[in-house]
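An overview of the molecular structure
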Amino acid sequence: MSAPANPTGPVMTGQPGFVIELEQFSGPLDLLLHLIREDEVDITDLPISKIADQFLSVINDLGLNQAADYLEMAARLLRIKAQMLLPRHLGDDEWEDPRSELVRRLLEYQQIRELVDWLQRAAAARAEQYGRGYEAPAPDAPPAPLEIELNDLLAAAERVISLIPEPMIHRVVPRPLDVEGATRRIHMLLESRAEFGWLDLVGEAPTIVDVLSAFIALLELAKRQTITLDQPSPFAPMVIRRESPREAA
Amino acid sequence: MSPLAKLLEAALFASSRPLTVEELATLDAESGEGAVRAALEEIRAEFDGDRHGVSLAEIAGGWQFLTRREHAEAIDRAAFALRPRRLSPAALETLAIIAYRQPVGRIEVDEIRGVDSGAVIDKLVERGLIEVASRGEGLGRPLLYGTTPQFLEMLGLQDLEDLPRLEELSVALRPPAAAEPE
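Residues numbered from 1 in each chain as written. Chains lettered and ligands numbered in written order. Predicted model: local features only at pLDDT ≥ 70, side-chain atom pairs only at ≥ 80, totals over all residues.

1. Thoughts on the overall build of chain A
In terms of helices and strands, chain A carries eight helices and five strands. Secondary structure elements in chain A, listed N-terminal to C-terminal, are β-β-α-α-α-α-α-α-β-α-α-β-β. Per-residue burial for chain A yields a buried fraction of 20% across its 249 residues. Within chain A, contacts between residues separated by at least 24 positions form 56% of all contacts whose residues are at least 6 apart in sequence. (Helix = DSSP H or I, 4+ residues; strand = E, 2+ residues; numbered from the N terminus. Buried ≥ 20, exposed ≤ 12 C-beta atoms within 10 Å, placed from the backbone. Contact = placed C-beta atoms within 7 Å.)

2. Observations regarding the overall build of chain B
For chain B, the helix and strand inventory stands at eight helices and five strands. Sequence-ordered secondary structure for chain B, helices as α and strands as β, is α-α-α-β-β-α-α-β-α-α-β-β-α. Buried positions account for 29% of the 182 residues belonging to chain B. If you take every contact in chain B between residues at least 6 apart in sequence, the share linking residues at least 24 apart comes to 47%.

3. Some words on the interface of chain A and chain B
On the side of chain B, 40 residues touch chain A, which itself brings 42 residues to the contact. Among the elements that make up the side of chain A that touches chain B, the one with the highest residue count is helix H4 (residues 100–126) of chain A (19 residues).

4. Describing the sheet that holds strand E5 (residues 239–242) of chain A
All names here are of chain A. Taken in spatial order, the three strands line up as E3-E5-E4 in an open sheet, and their pairing is antiparallel. One side of each edge strand has no neighbouring strand; the edge strands of this open sheet are strand E3 (195–197) and strand E4 (227–230). Each strand of the sheet is rotated relative to its neighbour by a mean of 20 degrees, with strand direction disregarded. Where E3 and E5 come together, three bridges link them in antiparallel fashion. Looking at the pairing, Gly-197 lines up with Val-239 of E5. Along the sheet, helix H8 (residues 208–223) makes contact with E4 and E5, crossing E4 at roughly 120 degrees. (Pairing = 2+ DSSP bridges. Axes fitted to C-alpha atoms, helices over the stretch in contact; angles between N-to-C directions.)

5. Some points on the confidence of the model for chain A
All names here are of chain A. Here chain A shows a mean pLDDT of 78. Residues at 70 or above account for 78%. Per-element averaging of pLDDT across chain A places strand E1 (residues 11–12) at the bottom with 43 and H4 at the top with 90. Under a pLDDT of 50 for its full length, residues 1–21 has, in the predicted model, 36 contacts with residues more than four places off or in other chains. (pLDDT = per-residue confidence, 0-100.)

6. Regarding the nonpolar core
One finds A:Phe55, B:Leu95, B:Ala96 and B:Ile98 to be the most contacted residues of the largest nonpolar core, which totals 50 residues. For this core, the elements supplying multiple residues, two or more each, are helix H1 (28–39), helix H2 (48–62), helix H3 (68–85) and H4 of chain A together with helix H5 (89–101), helix H6 (106–113), helix H7 (118–126) and helix H8 (149–155) of chain B. Setting aside residues no more than four positions away along its own chain, B:Ile98 makes contact with B:Val104, B:Val109, B:Ile130, B:Tyr145, B:Gly146 and B:Thr147. B:Leu24, B:Val36, B:Leu40 and B:Phe65 belong to the second-largest nonpolar core, a separate cluster that totals 13 residues. (Core = buried A, V, L, I, M, F, W, Y, C linked by C-beta atoms within 7 Å.)

7. Here's the deal with unusual backbone geometry
With an omega of -5 degrees, the peptide bond running from B:Gln102 to B:Pro103 counts as cis. Within the secondary structure layout, B:Pro103 lies in the loop between H5 and strand E3 (104–105). Here A:Gln225, not a glycine, exhibits a phi torsion of approximately 60 degrees, which is positive. Position of A:Gln225 relative to the elements: it lies in the loop between H8 and E4.

8. Re the sheet that holds E3(B)
All names here are of chain B. The sheet built from three strands is open, its strands ordered E3-E5-E4 with antiparallel pairing. Each edge of the sheet is formed by a strand with only one pairing partner; in this case those strands are E3 and strand E4 (130–135). Sheet contacts for H5: E3, E4 and strand E5 (143–147); angle to E5, the most-contacted strand, approximately 95 degrees.

9. Quick word on H1(A)
In this model H1(A) runs 17 Å from its N-terminal to its C-terminal C-alpha over twelve residues, within 8% of the 16 Å that 1.5 Å per residue would give. Every buried residue of H1(A) is listed here: A:Pro28, A:Leu29, A:Asp30, A:Leu31, A:Leu32, A:Leu33 and A:His34. In this fold, the buried residues of H1(A) make contact with H2, H3 and H4 of chain A together with H6 of chain B. Directly after H1(A), the chain includes A:Glu40, whose backbone phi takes a positive value near 55 degrees. (Expected span 1.5 Å × (residues − 1).)

10. A few points about the pairing of E5(A)
In this structure, E4(A) lies alongside E5(A), joined through four bridges in antiparallel fashion. In the strand pairing of E5(A), A:Ile227 is matched with A:Arg242.

11. As for the confidence of the model for chain B
On average, chain B scores 87 in pLDDT, and the residues at 70 or more come to 93%. The ipTM for the predicted assembly is 0.82, set against a pTM of 0.60.

12. Concerning the packing of H5(B) against H7(B)
Residues and elements named next belong to chain B. The N-to-C vectors of H5 and H7 enclose an angle of 80 degrees; their axes lie 10 Å apart at closest approach. Regarding the angle of H5 to H7, the classification is roughly perpendicular. Counting all contacts with H5, which are made through Ala-90, Ala-91, Thr-94 and Leu-95, the residues of H7 involved are Val-120, Ile-121, Lys-123 and Leu-124. (Parallel < 35°, antiparallel > 145°, perpendicular 65-115°, else oblique.)

13. Quick word on the environment of B:Ala14
Residue and element names in this part refer to chain B. With respect to the secondary-structure elements, Ala-14 resides in helix H1 (residues 3–14). Here Ala-14 falls in the exposed class, since 9 other C-beta atoms lie within 10 Å of it. Between the alpha carbons of Ala-14 and Phe-65 there is a distance of 9.8 Å; along the sequence they are 51 residues apart.

14. Here we look at the pairing of strand E2 (residues 62–67) of chain B
All names here are of chain B. A large share of E2 lies buried, amounting to five of its six residues. Where strand E1 (residues 54–59) lies against E2, six bridges are found, and the strand directions are antiparallel. Within E2, the residue paired with Leu-56 across the bridge is Phe-65. Counted between consecutive antiparallel strands, the loop separating E1 from E2 contains two residues, among which Ala-60 sits at a positive phi close to 50 degrees.

Structure, rendered in structure tokens:
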């Protein structure tokens, strides 16, 4: 796979000067091969000066000059460039082309790239056939069955209950109706008067218990025909009267 | 199909990976590997031709039912099955080097690629495509990596012999031409 013709900038981290990902080239050799292919030059007779300059300019443009691998290659290219400039004697058998090691590596790398293309094609062809390989992501293992003593459970429940805040409801103080007291009071009032009003019986600010007690006492006495209850008009205060002496009695 | 062929068909259907002849031979104590091979050919013949949507493939040293290529697009579109994730160029480079040089250590991979390959190697191990094959001699006895059956499976190869021979590549590795002094 050749490197894209118009590479975009590398992904930079927030840390300045630290390249984390070089998406367009998988390494300095890849970049070199890319340049060689673009220039259509002979890999075994590298115009090292030209390639070195291009390499430096590209890694500067892409911000790759921060990555050690690229820097190392840049340094290597400059060294080879310098070595090529050294004078040498004609017919010097000892002379070794300073480019030879780099060329060997480039050829080796080119071979790898060709294999990569082959692997990619093979993988793509294989991907056209589905095996019974689909495995749904494993569901979470079911929780192990609980092993718990009853006392532990109760203790746990108690702990939880103790954490529940007291509910904000009115606490009812049990206060039984005092029907007897109300009955005595009615009798006392009847001894002094033949008739009296409801308010005389319960007072100006009766509690609900006082009202209920008095009412039940009145009903009871009315049932026994000790008193009669009268209400002059709807919602008017009730008038309690001593029962007129029974004719029969 | 013979009863053995039907048994093998069931086992191959149930498996999500290629099953080897040896594995398949354990299904029936009566049947040796020769009988299993014959039955496999029987199944292959049954599924060849134009009557089925799957075929029996010989892959990664074993046998596996695979869907036919002509159905790939529709299955892919319907998203009934997961397509394997693609590998990055860096991962493929590393895989290629390991496949051809195995067992090989990280240093050599780094040298060939010209970049540090530690993270890529770790990821390939995680995906099960390579594994530690042995330990090298020398300083620190470095870990040496090799490819796994899953590597073959991913590429649809029967074995490593199916990889192209280096001589077949257009860029054969040869010594650089001796430069003439200028």
